[in-house]
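Chain by chain, the residues run as shown.
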Amino acid sequence: MSSVSAVSGARERVLGFRVTPLTRRRLANFRANRRGFWSLWIFLAIFGVSLVSEVIANDKPLLVRYDGAFYVPFLVIYPEPGFGGGFQPLASISAATTGSQRSTPRAG
């Protein structure tokens, strides 16, 4: 019984996972390979930037201050007349129907 407890006691946890001595040795070898280790971190950093690239490189500003108030155009669609423009708010395409799309005439 003491050998079983010694084996289970020798296992460590890395990021919440149990790690066997073989896996611990593989991780140590990977960390010793400096080029591979730094390449992993560079790849993860570029991947993280790519996740938010749509927010960074879009045609709408991230934050606007107009007349002392802050607006976030990339999250909310603001109507243009509120900013002194002449265009009306965007129409809801899902709610709009034309007369040719209706199957029966509308009552009253």
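Residues numbered from 1 in each chain as written. Predicted model: local features only at pLDDT ≥ 70, side-chain atom pairs only at ≥ 80, totals over all residues. Heavy atoms only, no water.

**Q** Account for the environment of Lys60, naming residues and giving values.
**A** Counting through the fold element by element, Lys60 comes out in the loop between α4 (53-56) and β3 (64-66). Residues Lys60 and Phe74, 14 residues apart in the sequence, show an inter-C-alpha distance of 5.8 Å. (Helix = DSSP H or I, 4+ residues; strand = E, 2+ residues; numbered from the N terminus.)

**Q** An account of the confidence of the model for the protein chain is requested, with residue identities and associated values reported.
**A** Of the residues in the protein chain, 70% have a pLDDT of 70 or more, and the chain-wide mean is 78. Per-element averaging of pLDDT across the protein chain places helix α1 (residues 2-10) at the bottom with 49 and helix α3 (residues 34-51) at the top with 95. The low-confidence segment residues 1-7 (pLDDT under 50) makes 0 contacts with residues lying over four places distant or belonging to another chain. (pLDDT = per-residue confidence, 0-100. Contact = heavy atoms within 4.5 Å.)

**Q** How would you summarise the packing of aromatic side chains if you had to cite specific residues and measurements?
**A** Here the structure, examined in full by the defined rule, presents 5 aromatic pairs. A ring pair is formed by Phe37 and Trp38, whose centres lie 6.3 Å apart and whose planes are at 80°; its orientation type is edge-to-face. Under the relative-accessibility criterion, Phe37 is labelled partly exposed at 24%. The interplanar angle of 80° and the centroid separation of 5.0 Å between the aromatic rings of Tyr71 and Tyr78 together place this pair among those described as edge-to-face. Given a relative accessible area of 29%, Tyr78 falls into the partly exposed group. (Phe/Tyr/Trp six-rings, centres within 6.5 Å; stacked < 30°, edge-to-face > 60°. Buried < 20%, exposed > 50% of the residue type's maximum accessible area, 1.4 Å probe, protein only.)

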